[in-house]
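# Structure at a glance
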Amino acid sequence: MKWLDVNDIALELCEARPEVEPSRINFVDLMQWVLALPGFDDDPKRCNEKILEAIQGAWIEEKE
């Protein structure tokens, strides 16, 4: 997975952290959790706030 695989990342986060309310997560934690996902292989420097917002939004939708 890469940073732009927003929906795949959201699905993986949903499965890996079912106890987390994604609307309450800070971006520092979110970035670290994405980097720790199995199968994630992208440069941390390519991440930005816009990408993290998109991941968070997709994660919120996935939980609903």
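As shown above, the structure is provided for reference.
Residues numbered from 1 in each chain as written. Predicted model: local features only at pLDDT ≥ 70, side-chain atom pairs only at ≥ 80, totals over all residues. Heavy atoms only, no water.

## A look at the pattern of salt bridges
The cut-off we apply is this: When a carboxyl oxygen of Asp or Glu is within 4 Å of a side-chain nitrogen of Lys or Arg, the pair counts as a salt bridge. The cut-offs for exposure are 20% and 50% of the maximum accessible area for each residue type, with area from a 1.4 Å probe on protein chains only; residues under the lower value are buried, those over the upper are exposed, and the others partly exposed.
Scanning the entire structure with this criterion turns up one salt bridge. One salt bridge in this structure joins Arg 46 and Asp 42, with 3.1 Å as the shortest N-O distance. Residue Asp 42 is classed as buried on the basis of its relative accessible area of 14%.

## Looking at helix 1 (residues 6-16)
Under the convention used in this document: Labels follow the DSSP assignment, with helices taken as runs of H or I lasting at least four residues and strands as runs of E lasting at least two, numbered in each case from the N terminus. The arc in question is formed by the directions pointing from the helix axis toward the C-beta atoms. We call two residues contacting when some pair of their heavy atoms lies within 4.5 Å.
Those residues of helix 1 that sit buried are Val 6, Ile 9, Ala 10, Leu 13 and Cys 14. Down the axis of helix 1, the smallest arc covering the buried residues is 140°, so these residues share one side. Exposed and oriented more than 90 degrees from the buried face of helix 1 are Asn 7 and Glu 15. For helix 1, the elements touching its buried residues are helix 2 (27-35) and helix 3 (49-63).

So, to be careful, I would describe these as geometric facts and stop short of saying anything about function.
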